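# Coordinates in review
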Amino acid sequence: MPETAVADTVAQATEPERGRIALLGGRIPLARLRDLALVPAIIAIAIVGQIVNPVFLQTDNLINVLQTMSEMALLVLAQTMILIVKKMDLSLESTMGLAPGVAAWLTIGSAGHGLGLLPGAWSVPITLAVGALIGVINAVLIIRFGLNGFIVTLGMLIVLRGILTGISGGQTFFQLPQSMLYLGTAQWAGMPASIWICLALFAVAIVVLGWTSFGRSLYAIGGNVDAAKAAGIRTDRVLWTVIVTGSVLAALAGLLLSGRLASVASAQGNGYIFTVFAAAVIGGISLNGGKGTMFGAFSGILLLFMIQNVLTLAGVPAQWIGALNGLIILVALTISRITGGKVQD
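The notes below deal with the structure included here. For every chain, the first residue of the written sequence is number 1, and numbering continues from 1 along that sequence. With the structure being a predicted model, the display of local features is reserved for residues of pLDDT at least 70 and the display and counting of side-chain atom pairs for 80 or more, all residues being used for whole-chain, interface and lining totals. Side-chain metrics rest on all non-hydrogen atoms present in the structure, leaving aside hydrogens and water.

## Some points on unusual backbone geometry
Located in the positive-phi region is Lys 86, a residue other than glycine, with phi close to 65°. Mapped onto the secondary structure, Lys 86 falls in the loop between α5 (59–84) and α6 (92–107). Positioned with a positive phi, Ala 262 is a non-glycine residue whose angle comes to about 60°. Among the structural elements, Ala 262 can be located in the loop between α13 (235–261) and α14 (272–282). A residue is classified by how much of its surface remains accessible, and Ala 262, at 35% relative accessible area, is partly exposed. By definition, any uninterrupted DSSP run of H or I lasting at least four residues is a helix, any uninterrupted run of E lasting at least two residues is a strand, and each is numbered from the N terminus. Whether a residue is buried, partly exposed or exposed follows from its accessible area with a 1.4 Å probe, protein chains only, as a fraction of its type maximum: under 20%, in between, or over 50%, in that order.

Printed below as a string of structure tokens:
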């Protein structure tokens, strides 16, 4: 029994490596083609966008798409890691709002609806610390107490949303300190810093998941947690790392958004989780755990924002964009059934 479990774990854990070998020589497995499945769609949307409005492929518009996408993309990155280990975190969207909200509340003066208790230089560390604390609480409830992750994070979503509304009085924090504005407004090498941060974090995640033992352990845990334990993987430690890191990434996403908008709204992040799951699903991430890649997830969120931008340039009402996201999920599930023989449910 243990030997079989170990064999299963090794087979699951080395799936990304086998996929790379297959891509370099011989036939490409159909499952691996999903990583690139959205590339033709992205190219097609780019062509359609240019036909709809010549502004679409202009540099300023593309940078605008990438910058507005970068905050949501960090949530997708976080959720993808969590989904791969067969967990789920619905509270990421509320963490995106509360973490910078607490920082603003403590560092800005009464004119901006804050308390002004701490210097503005503390705003970034406070934001990331709040994100880490939320992740720790989620991890304790899910891992230590064995509670259902969906219910725990749903409850946490509601709690965090209520706290942000409470400390803000339902108002928007403004007059943010310069340290909170920097990452959302700075330009590095001619592009917004948020784009560079997003691309760098996804690049790191791609390397970690595809070429490190830690990344393989995520796939092993998502595929069969008992087999992963039998193979000597410290599953609890990995799960702790993934859940806490996911919350910190959500806090960072909130910091980028707050910096770009120069404010923290009491409803910041509300409803984002639906787009996050849409991007993950169409990017090939399995809700059953153990499958999917960061490249696929990035392709998913990029495709969604390109579609939204094309619709905006075409004058389509914003209300229809939400309906489109739901339709894309259904189409993605259907395609998954056809190409993989199994629906990702």
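The structure having been displayed, the exposition proceeds.
## Details of helix α10 (residues 193–211)
For an α-helix, the turn length of 3.6 residues means that residues three or four places apart are oriented alike. Taking 1.5 Å as the rise per residue, α10 with 19 residues should run 27 Å; its terminal C-alpha atoms sit 27 Å apart, in good agreement. Within α10 the residues assigned to the buried category are Ala 193, Ser 194, Ile 195, Ile 197, Cys 198, Phe 202, Ala 205, Leu 209 and Gly 210. Expected helix span is taken as 1.5 Å per residue step, with the number of steps being one fewer than the number of residues.

## A look at the packing of α5 against α13
The contact between α5 and α13 brings their axes to 8 Å, and the two run at 170°. The orientation of α5 with respect to α13, classified from their angle, is roughly antiparallel. Residues Gln 67, Thr 68, Glu 71, Leu 74, Leu 75, Leu 77, Ala 78, Met 81 and Ile 82 of α5 form the contact with α13, whose participating residues are Val 242, Thr 245, Gly 246, Leu 249, Ala 250, Leu 252, Ala 253, Leu 256, Leu 257 and Arg 260. Only Asp, Glu, Lys and Arg are considered charged in this grouping, and only Ala, Val, Leu, Ile, Met, Phe, Trp, Tyr, Cys and Pro are considered nonpolar; every other residue, Gly among them, is considered polar. Here the contact of α5 with α13 is composed, by residue class, of 13 nonpolar, four polar and two charged. Simply put, an axis is a line fit to the C-alpha atoms, just over the touching stretch for a helix, and the angle between two N-to-C directions goes from 0 to 180 degrees. Small angles under 35 degrees read as roughly parallel and large ones over 145 as roughly antiparallel, with 65 to 115 read as roughly perpendicular and the rest as oblique. We call two residues in contact when some of their heavy atoms are within 4.5 Å.

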